[in-house]
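Residue-level structural notes
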Amino acid sequence: MNNRMLSFAKRNLIEMSRDALSYIFCAAFPIVMLIIMSVVNASIPKEAGMTLFRIDNLAGGIAVFGLMFVMLFTAIGVAKDRSGSFLIRLYASPMKSGDFMGGYILPMLLVALAQVIISFGVSMGIALIAGYDLRPAGLLLGAASLLPAALMFTAIGFLFGTLFNEKSAPGICSIIISLGSFVGGIWFDVEGVGGIMEKISRCLPFFYATKLIRSAIHLDFGRESFWIPLAVVTCAAAVLTVLSCFVFRRKMRADLS
Amino acid sequence: MEYAIETRDLTKRYKEKTAVDRLSITVPAGQLTALLGVNGAGKTTTIRMLTCLSKPDEGSAKILGHDVLAEPDAVKKLVGISTQDTAVAENLTVRENLEFMASLYLPKDRIKEAVENTIAAFGLGEFEGKKAKLLSGGWKRKLSIAMAVIGEPRVLFLDEPTLGLDVLARRQLWREIEALKKQMSIVLTTHYMEEAEALADRIYIMIDGRIAAEGTLCELEKLTGKKGLEDVFVTIAEGAGNE
């Protein structure tokens, strides 16, 4: 990493940290959802056997849900830069395409990490209040397992921010947030429902991201529950990162042609 | 003589339209050169090609001897640009904007000094802790130019730097541009004839992507038999239009 990339990453981090909306969507909203769904969970009779919103399952789901907002803010940041003159000024500077890519992606990984720490911290609090056993080792592993998912969502945001303008990028991301949380099994048990729904979910990386984090929190290292989701999410993150960087580089070249 | 800019048959086309048509100019180093023309004359396109923001379709351009196509990295280290729109990071403070730009061009140990000097030179001290988005249009424009200058470019491109500013802010910016003339070669595009008259050592008038006339104000007045740049410009522009 060179100085220019780090300087640009710092600039992007500061820009985001001074936008009140990023706190609302990246921190407050997931926390509110954690609390609301925990209240919902408390209202579900034990006989129903519904454990999806129990804090040990909910914590992982909400962590993935929160990452979707990291995707949204990555897209907004990139699209906003692309629509203004600031990026033109940077294109005329000695910055290389790699500096832009790293500068956009790195700070969002930090934001994702901060978000996970906050949401897992709140989850610990809820677990203590509700009397559930949420193991710190599981949360630590869950946080580490989130890294490929964080990269994957940041890469999707980077891709959308590059392809779409400031107005359409947030809309496209909202569709991904809705669909991703739905087929990702955050709000209902995809495997329990089965059928075509499960088949669709298994074709997309969101399902595996949620499954991976939940398994990590439970310290469940099964092939189906941990290793395969880890492999799928890591591959998806790698492919989407390469794709988003490729598209950004092409767009940059087109802008400079 | 060292030339800040040398172009030969520089051409840029956008589909059917030829924005810059076989432009051949030589701009001596250490001067302020004004590039005048009506909207769509090709001024901004020329600047974009000279700052590696756009690739020429034909011809060549050199900045201090470095070819914009063959040596873009070298050219980018030598040039600074202030675009028509103020190009600042809105949520960063004035100081942070300057620190960021300085970090792209200068070694770490020189950034602090460069920031202090630039803040002092542009009188930005009062606003250094203020976010760029909260500055008035004039101060934002001033910050934008300061950001173009902080990397210590040898050739500075100012694309309509005083567009939309009130007369006082414009005059203040003139003084700052005048001071910069001692340190670097400057290429200025503007629609304000009095601005070019006050600041430029040499003037190029572009019509339809070509240079219609060039010279000092005196030379252009002699050429057209008119007094003052506005009349000179109108005569040349209308003359070219009637051809």
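Our subject is the structure listed above.
The sections below set out a description of the structure shown in this document. Residue numbers here run from 1 along each chain, matching the order of that chain's written sequence. Working convention: letters from A go to chains and numbers from 1 go to ligands, in the order in which they are written. pLDDT decides what is reported in this predicted model: residues at 70 or higher carry local features, side-chain atom pairs at 80 or more are listed and counted, and totals for whole chains, interfaces and linings draw on all residues regardless. As a rule here, side-chain values come from all non-hydrogen atoms in the structure, and water together with hydrogens is ignored.

1. Some points on the side chain of Thr 11 of chain B
Which entries qualify depends on this criterion: A run of DSSP states H or I qualifies as a helix once it reaches four residues; a run of E qualifies as a strand once it reaches two. Both are numbered from the N-terminal end. In what follows, residue pairs with any heavy atoms lying within 4.5 Å of each other are defined as contacts.
Topologically, Thr 11 of chain B is positioned in strand β1 (residues 3-14). Apart from residues no more than four positions distant in its own chain, Thr 11 of chain B is found in contact with Thr 18, Val 20, Asp 21, Arg 22, Met 49, Pro 56, Asp 57 and Glu 58 of chain B.

2. Topic: the interface of chain A and chain B
So the rule is basically this: By definition, the buried area sums, over both parts, the 1.4 Å-probe accessible area that each loses when the two are put together. Whenever Lys or Arg places a side-chain nitrogen within 4 Å of a carboxyl oxygen from Asp or Glu, that contact is recorded as a salt bridge. Under the rule applied, a polar contact is a pair of N or O atoms within 3.5 Å (in protein, one hydrogen donor and one hydrogen acceptor; residues adjacent in sequence only if both atoms are side-chain atoms).
Between chain A and chain B, the contact holds 21 residues from the first and 34 residues from the second. When the two sides are added together, the surface that chain A and chain B hide from each other amounts to roughly 2,400 Å², 57% of it contributed by carbon and sulfur. Linking chain A with chain B are two salt bridges, by the criterion used here. Across the pair Asp 73 of chain B and Lys 96 of chain A runs a salt bridge, and its minimum N-O distance is 3.7 Å. For the pair chain A and chain B, the number of links is 15 residue pairs in polar contact (both at pLDDT 80 or more). Of all the elements in the fold, those that place two or more residues in the side of chain A that touches chain B are α1 (3-17) and α4 (86-91) of chain A.

3. Here's the deal with empty space enclosed by the protein
Worth spelling out the cut-off: We place a 1 Å grid over just the protein atoms. Points where a 1.4 Å probe fits but has no way out form a cavity, open points with protein on both sides within 12 Å along at least 5 of 7 lines form a pocket, and any residue with an atom within 4 Å of a point lines it. Grid points are joined across faces, edges and corners, and a volume is the space filled by probe spheres set on the points. Any residue that is not Ala, Val, Leu, Ile, Met, Phe, Trp, Tyr, Cys, Pro, Asp, Glu, Lys or Arg is counted as polar, Gly included; the first ten are nonpolar and the last four charged.
Under the counting rule described, the total for this entry stands at one cavity of 30 Å³ or more. There is about 40 Å³ of room inside the largest cavity. Surrounding the largest cavity, Arg 89 of chain A together with Gly 80, Ile 81, Met 101, Tyr 105, Met 147 and Ala 148 of chain B form its lining. Broken down by secondary-structure element, the contributors of at least two residues to the lining of the largest cavity are β7 (79-82), α3 (94-105) and α5 (137-149) of chain B. Among the residues making up the lining of the largest cavity, the classes are represented as five nonpolar, one polar and one charged.

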